[in-house]
Amino acid sequence: DTEVTQTPKHLVMGMTNKKSLKCEQHMGHRAMYWYKQKAKKPPELMFVYSYEKLSINESVPSRFSPECPNSSLLNLHLHALQPEDSALYLCASSQDAGQGAQPQHFGDGTRLSIL
Amino acid sequence: AQKITQTQPGMFVQEKEAVTLDCTYDTSDQSYGLFWYKQPSSGEMIFLIYQGSYDEQNATEGRYSLNFQKARKSANLVISASQLGDSAMYFCAMRAVYNQGGKLIFGQGTELSVKP
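Residues numbered from 1 in each chain as written. Chains lettered and ligands numbered in written order. Predicted model: local features only at pLDDT ≥ 70, side-chain atom pairs only at ≥ 80, totals over all residues. Heavy atoms only, no water.

**Student:** Would you mind going over the pairing of strand β2 (residues 10-13) of chain A with me for this structure?
**Tutor:** Side chains on a regular strand alternate between the two faces of the sheet. Residues and elements named next belong to chain A. Judged by which residues are buried, β2 turns out to be one-sided: L11 and M13 face inward and are buried, whereas H10 and V12, on the alternate face, are not. By the bridge criterion, four bridges tie β2 to strand β11 (residues 110-114) in an arrangement that is parallel. Paired with M13 across the two strands is I114, which belongs to β11. (Buried < 20%, exposed > 50% of the residue type's maximum accessible area, 1.4 Å probe, protein only. Helix = DSSP H or I, 4+ residues; strand = E, 2+ residues; numbered from the N terminus. Pairing = 2+ DSSP bridges.)

Rendered as structure tokens:
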């Protein structure tokens, strides 16, 4: 079992829908991440939260809106997505975003399909 | 700029044999970390092993070992006694230890298939 929990595991939504992806970790980590991954490709970083503050936004379109309510939770709010946004969305956490020696631990991901 | 290169898009190995997955990297940082992740078809990214740039010994974790050759800038993953459950995508990744705010640089991945 992974220590980073993502819900839902699968999500199908229309282009006009609003939905949210959720991520939770109880390892006491202070850095959390959102990645987007297309099939057979490496993950692409979207956002980094460090101590509950957004520290990196990799020029992600505004139809993706991250939120970190507390140190254990990370949400990704979705609105007016496009078919090309269909992908696996991975959440990860690590002890500290500034410490590169610490591994990032990933969740199982949410498979998102946009109709 | 940092870069990770995995030159083997796909590999086959017979069950119970050892296999080496190649990874070369490029960085101007003096202190960096190298990681290997396994991703089965189910999607989860599983952390396997870590090697620090100043570690003198090669990292080992069970059946996984990392063949670290700093002068050649290579960090190959060796899986001993392959099992059917090892069939997955494997990613090599790197990041600077003290800067760049948590950004992992991934290679393109190697898809490993273990044959019975």
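**Student:** I would appreciate a short explanation of the packing of aromatic side chains in the present structure.
**Tutor:** The geometry of an aromatic ring pair is captured by two quantities: the separation of the ring centres and the angle between the planes. In total, this model carries 11 aromatic pairs over all chains according to the counting rule given. Ring plane angle 45 degrees and centroid distance 5.3 Å describe the contact between Y35 of chain A and F106 of chain A, whose orientation is recorded as tilted. In this pair, Y35 of chain A is assigned in strand β4 (residues 31-37) and F106 of chain A in strand β10 (residues 105-106), connecting sequence segments 71 residues apart. Take Y35 of chain A: its relative accessible area is 0%, and that puts it in the buried class. Looking at F106 of chain A, the relative accessible area reads 4%, which means it is buried. Aromatic side chains Y25 of chain B and Y32 of chain B sit 5.2 Å apart centroid to centroid with 55 degrees between the ring planes, which places their arrangement in the tilted category. No difference in accessibility class separates Y25 of chain B from Y32 of chain B, as the two residues are buried. Within the aromatic cluster, the residues linked to one another by ring pairs are Y33, Y35 and F106 of chain A together with F35, Y37, F47, Y50, F91 and F106 of chain B. (Phe/Tyr/Trp six-rings, centres within 6.5 Å; stacked < 30°, edge-to-face > 60°.)

**Student:** What exactly am I supposed to notice about the sheet that holds strand β1 (residues 4-7) of chain A here?
**Tutor:** Backbone hydrogen bonds hold the strands of a sheet together, and the pairing may be parallel or antiparallel. All names here are of chain A. Spatially, β1-β3-β8-β7 is the arrangement adopted by the four strands of the open sheet, whose pairing is antiparallel. Across the chains shown, the open sheet's two edge strands, defined by having one partner strand only, are β1 and β7 (64-70). Strand-to-strand, the axes of this sheet are offset by a mean angle of 20 degrees, without reference to chain direction. In this structure, β7 lies alongside strand β8 (residues 73-79), joined through five bridges in antiparallel fashion. Bridge pairing in β8 links N70 to L73. (Axes fitted to C-alpha atoms, helices over the stretch in contact; angles between N-to-C directions.)

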